[in-house]
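Architecture and fold: a report
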Amino acid sequence: MAEKLVISISGKGGTGKTTVTALLLKWLIQNTEKISLVVDADPATNLPDVLGVELQRTVGQSSKELKDKIEAGTLSPTLSKKEVLEANVFQTLVEEDRFDLLAMGRSEGEGCYCFVNNVLTRILDTLTRNYEVAFLDMEAGLEHLSRRTDRDVDSMIIVTDPSRMGFETARRIKELVDEVHIDVKHIYLVGNRFTPEMEELLQKSADDIGLEYGGIIPLDENVMTFNLVGKPLLEIPDDSPAYEAIGKLAKKLGLTG
Amino acid sequence: MSMFEDIPVDVGIIYEGERIRGSDMRIELGGPREEYKFELVQARGMDEIEDGKVIIIGQDISDFPERTNTPFGLIIEVAGKEVEKDLEGVVERRLHEYCNYIEGFMHLNQRYDIQMRISKKSFDKGFTSFKHMGEVLKRLFKSELSFIEKIQLTFITEPDLVKEWYSKALEIYEARDAKARGMSDDDVDVFYGCSLCQSFAPTHLCVITPQRYANCGAISWFDGKATAKVDPKGPVFEIPKGEVIDAKTGEYVGVNKVIQEKSLGEIERVQLYTTFGYPHTSCGCFEGCAFFIPEVDGFGVVHRNFKGQTVNGLNFVTISDLTAGGRQVDGFHGLSIEYMRSLKFLDADGGWGRVVWMPQDIKERIQDFLPPEIVPTIATESDVADLHQLKSWLMEKNHPIVERWSEEPGFAPTEIGEITVPTLEMPASAFPIQGIPSGMGFTIILKNAKIKAEKMIIKADKRR
C-alpha cells in the first residue's frame, strides 16, 4: 500500500488556514494522482464553501442525532451504536472525484459524549487510513492539541499572518505539542500574506520558536477576490502568486509523486 | 486463504476497515439512496433448507450499470441440531465482519440500515455475481460457527420482493428487541465495566448490566459486549459477576472485586439497585439523577435538560454537584434515562412506588415503561411548586408512598414550620468551638434522626 500522509493545518484565527488547505488540495489534484480526505475540523465549517462543495450534514450533527436516539430510547437495544455511528459518519462524506470532504461541525448538545467521542476517534482513524493523503483543517483554538486530535499527524503546518499574535500563537502551539507529547515528524511555520522583505523575519522567528521554516505565501489579489465573492479557491488561476508559492510547501511536505 | 482459492478476490481480516469511495464503486447495495434494504438470519429445520444453496432473485451484480444503487435484501437461513431462534441475532451480527473480509467490499451498519459497496477493481477481477459473495459467507459462517450445519443464502434485488420482505424483517427485528429488553441480569454471567469517565472521576466505574445501562445512557450491555470484544484491554471490559451476595440490592462478588481494583481501593462494595448504603457511584455526566426527599420519604428524579427548580428547590447543577465525583452519597444517584425504563430501577428502595416527582418532559418520555397505576400519582413541575403542595398532591392522588408513611412509626410528614429545641444543659469539657467560652462543652448525638434544617445555629448561653 502507498505511503500515507496526514497533514494538519493550524494557527491563529483568520491567518488563512482554510486558504492554505484549499491551495494544497488544488496543487495535489493538479500535480499528482493522489486521492485525499479533507477534514474540516473547524466548528465554523468554512471549508466546503471555499472548496465549492455542497455539505449535507456534519459529524457533530450525526453524533447529536445518535445521542438523541439514545435518550429517546428509540434505538434497538441490541444494535451496535458504533456501527450506526460509523455508517452515519460515512454518509456525511461529500464524495468528489479526487477528494472526499468530512466536516466535523460543532459538538452539539449537552450531556456525556465520552463514549460517542471514544467511538468516533476509532471511526475516523479507520476512515483516514483509506486515503493516501489527509488534510486536517484545524480549529483556531488549541483544544484540538490537548484532546490529541493531532496524534497521528505526520506534518503539522502552523499558519501565521504578519502579526505578533500570529507568532505567539505559533509559539504556544509548539509548546503544547511538546507538553502533550504529540509525536509529529515535522512542524512548519508558514507565513500567509507576507511580503518578500518579511521572509527573513519569519525564518528567524521559526528558528526562535523551534519550528521548521515552511515558506511564505504572498498577499494575493485573486485569493482575496475569490474569497470575497465566494468563488471556490480550487478554480483560482494557476499563475496566482499564492498558488505558485504553495508548490514549494507541497514539495517540502512530500506530496509529490 | 486457501479456503477461497476459487474466489476471484482475496478474503481476509486485513480488508476490514476498507472504504469504497463513490468514484471507485461499481455498485451500491442498499444505502441512504434506497428505502428498502435488509439483512436477516432465520433459523430453519434441517429439512427445510438445502445446504450451500445460493439463490438470486432479481438482477445480479453484473446486470447493473456502473455506479448505480439498488434495493437489496439478504436472507440467510441456517439449520443445525443446536440452532435455535435465539441464535439468529448472534449469527446476523457476524455478517458485518465477514462481508468486510472481502477485498473491495464495504459493509456498513446493520439490519434495515445496511449500505454495501463493491469496488470497480474487485468487479474487474471477476467478483461479478452474488454467487461469489454467497460462497464466501457460507464458508466463513460454517467454519467460524460450528453449530451451523446447513446454510442457504438468498440475495434479492427484485424491488417488489425486497419491499415485501422488508416489512416482514422489521417485524422480526421488533420481536427480537422486545425479547432483549426483557433480558434480566440473572440471565447473564458477565457484566461490563466502563472506566471512560475516570479522567473526571478517578474512583468511578460504571457497571453495565442488561438491566442497568451506563450512567451516560450510551452503553448498553450489548454495546459493552461489542466494545470489549474489539478491545478487551480498553476502557470497556468484562466483569464476571461471580457469586450473588444479595439479589435484592444487586451485590455480586465479582463486581465488588473489580470495583476495589479500579477505584484503587476507594470503593469496596457496590449494590446496583439502591441509592442507600453502597450505591453505584456517579461520574459527572449522568443523564439524570434520583434524589431522596426526606420530607415525603420518596424520590425525585431529574434529568440534565431540566432547567427549572426541582420540587425541593434545587436545580440539576446543584443536585449533580452533590452526586458526582465517584463517591457513594446516600440518597443521590446518577443514572441514565434508559435505566428508568428498567425493571430494576431503584428496585431495592421500592422502585417506581417510591418516586414522587419528576419533570413533565421526562415523565412523558418514559411513562409507557412505568407501572400504569403509578403514572398519574407522580407529580411534575406543572402540578406542584413545593413540598407542601407535593404532600397534598400525594395524598390526594393516593400515591403508594402515603401508605408507607403510616407504616413507619414515628414518621409523620406533618407540617413543621419551626421547632424550638429546649435549652440543653451542656455537660462540661467536650471539644472547643470557636465563640463558645471554654468550660461550656456539649455533646450532640442524633440517632435514627431524619432532620432537614435550613440552618443550624448553636448559641452560647449568656448566663454563665
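The model shown is predicted, which means the values in this text are computed figures rather than measured ones.

Rules used throughout
- Residues numbered from 1 in each chain as written.
- Chains lettered and ligands numbered in written order.
- Predicted model: local features only at pLDDT ≥ 70, side-chain atom pairs only at ≥ 80, totals over all residues.
- Helix = DSSP H or I, 4+ residues; strand = E, 2+ residues; numbered from the N terminus.
- Rg over C-alpha atoms; globule rule 2.2 N^0.38 Å.
- Buried ≥ 20, exposed ≤ 12 C-beta atoms within 10 Å, placed from the backbone.
- Contact = placed C-beta atoms within 7 Å.
- Nonpolar A, V, L, I, M, F, W, Y, C, P; charged D, E, K, R; others polar.
- Pairing = 2+ DSSP bridges.
- Axes fitted to C-alpha atoms, helices over the stretch in contact; angles between N-to-C directions.
- Domains from an automatic or database assignment.
- Core = buried A, V, L, I, M, F, W, Y, C linked by C-beta atoms within 7 Å.
- Arc of directions from axis to C-beta.
- Parallel < 35°, antiparallel > 145°, perpendicular 65-115°, else oblique.
- Expected span 1.5 Å × (residues − 1).
- pLDDT = per-residue confidence, 0-100.
- Left-handed = near helix turned anticlockwise from the far one by under 90°.

When helices and strands are tallied, chain A shows 10 helices and eight strands. Relative to its length of 257 residues, chain A is compact, with a C-alpha radius of gyration of 19 Å against a globular reference of 18 Å. In terms of overall dimensions, chain A has C-alpha extents of about 65 × 40 × 40 Å along its principal axes. Counting the 257 residues in chain A, one finds 49% classified as buried. For chain A, contacts bridging at least 24 residues in sequence account for 80% of all contacts bridging at least 6.

The next point concerns the overall build of chain B. For chain B, the helix and strand inventory stands at 11 helices and 17 strands. For chain B, the proportion of its 464 residues judged to be buried stands at 41%. For chain B, the proportion of contacts with a sequence separation of at least 24, taken over those separated by at least 6, is 67%.

Below, the discussion takes up the interface of chain B and chain A. The interface of chain B with chain A comprises 38 residues on the first partner and 32 residues on the second. At the level of elements, helix 1 (88-100), helix 4 (159-181), helix 5 (221-230) and helix 8 (337-340) of chain B are the ones that each hand at least two residues to the side of chain B that touches chain A. No other element matches the five residues that helix 4 of chain B contributes to the side of chain B that touches chain A. For the side of chain B that touches chain A, the class distribution of residues is 13 nonpolar, 11 polar and 14 charged.

This part takes up the sheet that holds strand 7 (residues 115-119) of chain B. Residues and elements named next belong to chain B. Across the sheet, four strands lie side by side as 4-1-7-6; this open sheet has mixed pairing. With one partner strand each, in any of the chains shown, strand 4 (68-70) and strand 6 (105-108) form the two edges of the open sheet. Taken over all neighbouring pairs, the strand axes of this sheet differ in orientation by 15° on average, direction set aside. In this sheet, strand 7 lies alongside strand 1 (residues 25-30) in antiparallel orientation, the contact comprising five bridges. When the sheet's bridge partners are listed, Glu-28 is paired in strand 7 with Arg-117. Packed on one face of the sheet, helix 1 meets strand 6 and strand 7 and runs near 155° to strand 6.

So, on to the domain arrangement of chain B. In terms of domains, chain B is made up of domain 1 (2-181) and domain 2 (184-286). Averaged C-alpha coordinates put domain 1 of chain B and domain 2 of chain B at centres separated by 35 Å.

A few words now on the environment of Glu-33 of chain A. All names here are of chain A. Within the secondary structure, Glu-33 is located in the loop between helix 1 (17-31) and strand 2 (36-40). Judged by C-beta crowding, with 10 C-beta atoms within 10 Å, Glu-33 ranks as exposed. For the pair Glu-33 and Ser-62, spaced 29 residues apart in sequence, the C-alpha to C-alpha distance is 31 Å.

Time to look at the environment of Thr-68 of chain B. Along the chain, the position of Thr-68 of chain B falls in strand 4. Linking Thr-68 of chain B and Ile-27 of chain B, residues 41 residues apart in sequence, is a C-alpha distance of 5.3 Å.

All names here are of chain B. Here four strands make up an open sheet; going across it, the order is 16-14-15-17 and the pairing mixed. Because the sheet does not close on itself, it has two edges, and the strands there are strand 16 (332-335) and strand 17 (355-357). Ignoring strand direction, the axes of neighbouring strands in this sheet form an average angle of 35°. The sheet contact formed by strand 14 (residues 288-293) and strand 16 spans four bridges and is antiparallel. Along strand 16, the bridge assignment pairs Phe-291 with Phe-332. Packed onto the sheet, helix 7 (residues 316-323) meets strand 14, strand 15 (298-303) and strand 16 and runs at close to 100° relative to strand 16.

Quick look at the nonpolar core now. What tends to happen in soluble globular proteins is that the nonpolar side chains get buried as a cluster. One finds Phe-135 and Ile-158 of chain A together with Ile-208 and Val-356 of chain B to be the most contacted residues of the largest nonpolar core, which totals 190 residues. In terms of domain composition, this core takes at least three residues from each of domain 1 (2-181) and domain 2 (184-286) of chain B. Sequence-distant contacts of Ile-158 of chain A, defined by excluding residues within four places in its chain, comprise Ser-10, Gly-11, Ala-170, Ile-173, Ile-187, Tyr-188, Leu-189, Val-190 and Leu-211 of chain A.

Residues and elements named next belong to chain B. Within the sequence span of helix 10 (residues 387-397), burial applies to Leu-387, Leu-390, Lys-391, Trp-393 and Leu-394. Looking straight down helix 10, one finds that the buried residues subtend no more than 165° of arc, so they occupy a single side. Residues of helix 10 that are exposed and point more than 90 degrees away from the buried face comprise His-388, Ser-392 and Glu-396. Elements that come into contact with the buried residues of helix 10 comprise strand 17 and helix 11 (400-407). Just past helix 10, the residue Asn-398 takes up positive phi, approximately 55°.

A few words now on the packing of helix 1 of chain A against helix 10 (residues 241-253) of chain A. For any two helices packed against each other, one specifies the inter-axial angle together with the distance between the axes. Residue and element names in this part refer to chain A. Taken N-terminus to C-terminus, the directions of helix 1 and helix 10 make an angle of 75°; their axes are 9 Å apart at the nearest point. The angle between the axes of helix 1 and helix 10 places the two elements in the roughly perpendicular class. Residues Leu-23, Leu-24, Lys-26, Trp-27 and Leu-28 of helix 1 form the contact with helix 10, whose participating residues are Ala-242, Tyr-243, Ile-246, Gly-247 and Ala-250. Partitioning the contact of helix 1 with helix 10 into residue classes produces eight nonpolar, one polar and one charged.

Let's shift gears to helix 1 of chain A. Residues and elements named next belong to chain A. An ideal rise of 1.5 Å per residue puts 21 Å on 15 residues; helix 1 measures up with 21 Å between its terminal C-alpha atoms. Burial of helix 1 is extensive: 12 of the 15 residues sit out of reach of the surface. Along helix 1, the positions that sit buried rather than exposed are Lys-17, Thr-18, Thr-19, Val-20, Thr-21, Ala-22, Leu-23, Leu-24, Leu-25, Lys-26, Trp-27 and Leu-28.

Moving on: the confidence of the model for chain B. Residue and element names in this part refer to chain B. In the predicted model, chain B carries a mean pLDDT of 88, and 87% of its residues have values of at least 70. Long-range and interchain partners of residues 414-432, a stretch whose pLDDT sits below 50, account for 15 contacts in this model, where long-range means more than four residues apart. Across the assembled chains, the prediction reports ipTM 0.86 with pTM 0.77.

A few words now on unusual backbone geometry. The backbone phi angle of Arg-193 of chain A is positive, close to 60°, even though this residue is not glycine. Residue placement: Arg-193 of chain A occurs in strand 7 (residues 186-194). Of note in the backbone geometry, Asn-109 of chain B takes a positive phi value of approximately 65° without being a glycine.

On average, residues of chain A carry a pLDDT of 90, and 93% of them reach 70 or more. No element of chain A has a lower mean pLDDT than helix 6 (residues 143-146) of chain A, which averages 66, and none a higher one than helix 1 of chain A, which averages 97.

All names here are of chain A. Here helix 4 (residues 81-92) crosses helix 5 (residues 114-128) at 55°, and the two axes come no closer than 10 Å. Considering their axes alone, helix 4 and helix 5 lie oblique with respect to each other. For the pair helix 4 and helix 5, the sense of crossing is right-handed. Residues Lys-81, Lys-82, Leu-85, Glu-86 and Val-89 of helix 4 pack against Val-119, Leu-120 and Ile-123 of helix 5. Of the residues belonging to the contact of helix 4 with helix 5, the class tally is five nonpolar, no polar and three charged.

Residues and elements named next belong to chain B. With six of seven residues buried, strand 2 (residues 37-43) lies mostly within the body of the structure. Inspection of the sheet shows strand 2 paired to strand 5 (residues 72-79) by seven bridges, in the parallel sense. By the bridge assignment for strand 5, Ala-43 is matched with Val-78.

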